[in-house]
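# Remarks on the overall topology
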Amino acid sequence: MTIQQVELSRLTPHPSLEYWSVCKVEALFETPFLELVYRAAQVHRQHFNPQAIQLSTLLSIKTGGCPEDCSYCPQSARYQTGVQNQQLLEIDEIVEKAKIAKARGAGRFCMGAAWRGPKPKDVAKISEIIKAVKALGMETCGTFGLLQDGMAEQLKDAGLDYYNHNLDTAPEHYHEVIGTRRFDDRINTLGKVRSAGLKVCCGGIVGMNETRKERAGLIASLANLDPQPESVPINQLVKVEGTPLMDAEDLDWTEFVRTIAVARITMPQSYVRLSAGRQGMPESMQAMCFMAGANSIFYGDKLLVTDNPEEDGDRQLMAKLDLEPETAENRKPQER
Ligand code: SF4
């Protein structure tokens, strides 16, 4: 068995879940475009209120200087991207930002730190931050990298709801994008997160010179996680000058919409988040993504370090499309 086959074998699904082979997901990608979107829209309506969009706000609580070599990331210390390094923010500053996000309608506050993984002393500090944000009555999500044994439990005890840890890309394409860790390392941390009882936010990035088969491989890997992730961020690569992927080939917009639709069909109960790359998407393309089953966005004018559409622009777009922020009242009862 090759390393990649060993990695894939760890994704063995639960018998109650439909198994998504790469071929089966590829066949979905090949469905005529409008038929695929229609099918995804049907699945979306079975499980969610299609008018409600879950809003998350993301804050970088520790920026830049990361030792990893992710080819898409401006926060890697290996690339000259102009990102200013910032040590872990003070708790008061983070809570202030969370309050603003809540007042603007965000239900979830996501915090990201540019580490390979946190050290035990970092987890102690983050735990205090999580407690303070949780006390505002918001859902909390953290993305802090690879976790050591016991860390996920500490974060859960502090009140963390979700842990974000993306699979990034297909197992077969992983080594083309990241050399400092393996796909299997991601699976191991996801296992720790699940064992601790945290909800999982796990998705990937498309437009990193992967083939369609590899996009199908990413979606199959996500869909075969057991249980499936509660949140699935689908990112379009933001090409940042200085990163190795700054000249990556453009992905046609229809292929991105297809990826959203395929994620919706294969993970019917997950929140599919239209994540990074939205800044460069015309409103009509975003509308098509919502039609294809996306029901979550990052809300706020910054992602970790790259731009996101202005909140006013998002509010206008949602008004044009008759969409509203998801609340406990407009959420379908069976949603998680
Ligand atoms: S994606 Fe995360 S782990 Fe990779 S270089 Fe950027 S901050 Fe580090």
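Residues numbered from 1 in each chain as written. Predicted model: local features only at pLDDT ≥ 70, side-chain atom pairs only at ≥ 80, totals over all residues. Heavy atoms only, no water.

Looking at an unreviewed UniProt entry, the protein chain carries the name Biotin synthase, with the source organism given as Pasteurella testudinis DSM 23072.

## Let's talk about the site of the ligand
The environment of the ligand is made up of C66, E68, C70, Y72, C73, S76, A114 and R181. Here the residues of the shell around the ligand are counted per class, giving five nonpolar, one polar and two charged. (Near = heavy atom within 4 Å. Nonpolar A, V, L, I, M, F, W, Y, C, P; charged D, E, K, R; others polar.)

## Focus on the side chain of N330
Take N330: it is sitting in the segment after β10 (324–325). Side-chain polar atoms of N330 contact the backbone oxygen of P325, separated by 3.0 Å. (Helix = DSSP H or I, 4+ residues; strand = E, 2+ residues; numbered from the N terminus. Polar contact = N/O pair within 3.5 Å; in protein donor to acceptor, adjacent residues only side chain to side chain.)

## As for the UniProt feature "binding site: [2Fe-2S] cluster" (unreviewed entry) in the protein chain
Following the UniProt record, the feature "binding site: [2Fe-2S] cluster" (unreviewed entry) maps to C110, C141, C201 and R273 here. Spatial clustering of the annotated residues is evident: they stretch over 164 residues in sequence, but the largest pairwise C-alpha distance comes to 13.9 Å. Along the chain, the position of C110 falls in strand β2 (residues 108–113). Residue C110 is classed as buried on the basis of its relative accessible area, which comes to 4%. With residues near it in sequence (within four places) discarded, C110 still touches S56, T57, L58, L59, C141 and F298. The residue C141 is located in strand β3 (residues 139–143) in this model. (UniProt positions renumbered as here; feature names shortened; annotations may be inferred. Buried < 20%, exposed > 50% of the residue type's maximum accessible area, 1.4 Å probe, protein only. Contact = heavy atoms within 4.5 Å.)

## Describing the UniProt feature "domain: Radical SAM core" (unreviewed entry) in the protein chain
Mapped onto this numbering, the UniProt entry gives "domain: Radical SAM core" (unreviewed entry) at residues 51–275. End C-alpha to end C-alpha, residues 51–275 measures 18 Å, and it is 35% helix and 18% strand.

## A few points about the side chain of T140
Relative to the helices and strands, T140 is located in strand β3. T140 gets classed as buried once you look at its relative accessible area, which sits at 0%. Among the polar contacts listed, one links the side chain of T140 to the backbone oxygen of G159, at a separation of 3.1 Å. Every residue in contact with T140, bar those within four places of it in the chain, is listed here: R108, F109, M111, I130, V133, K134, G159, L160, D161 and Y162.

## Concerning the packing of aromatic side chains
Evaluated as defined, the whole model comprises five aromatic pairs. With a centroid separation of 5.7 Å and 80° between ring planes, the pair formed by Y174 and F183 is classed as edge-to-face. Across this residue pair, the class does not change: Y174 and F183 are buried. An aromatic cluster of three or more residues is present, and its members are W115, F144 and Y163. If you follow K24 out to its NZ or CZ, it ends over the ring of W20, 4.9 Å from the centre. Stacked on the ring of Y162, the Lys or Arg R108 has its end atom at 3.7 Å from the ring centre. (Phe/Tyr/Trp six-rings, centres within 6.5 Å; stacked < 30°, edge-to-face > 60°. Lys NZ or Arg CZ within 6 Å of the ring centre and 35° of its normal.)

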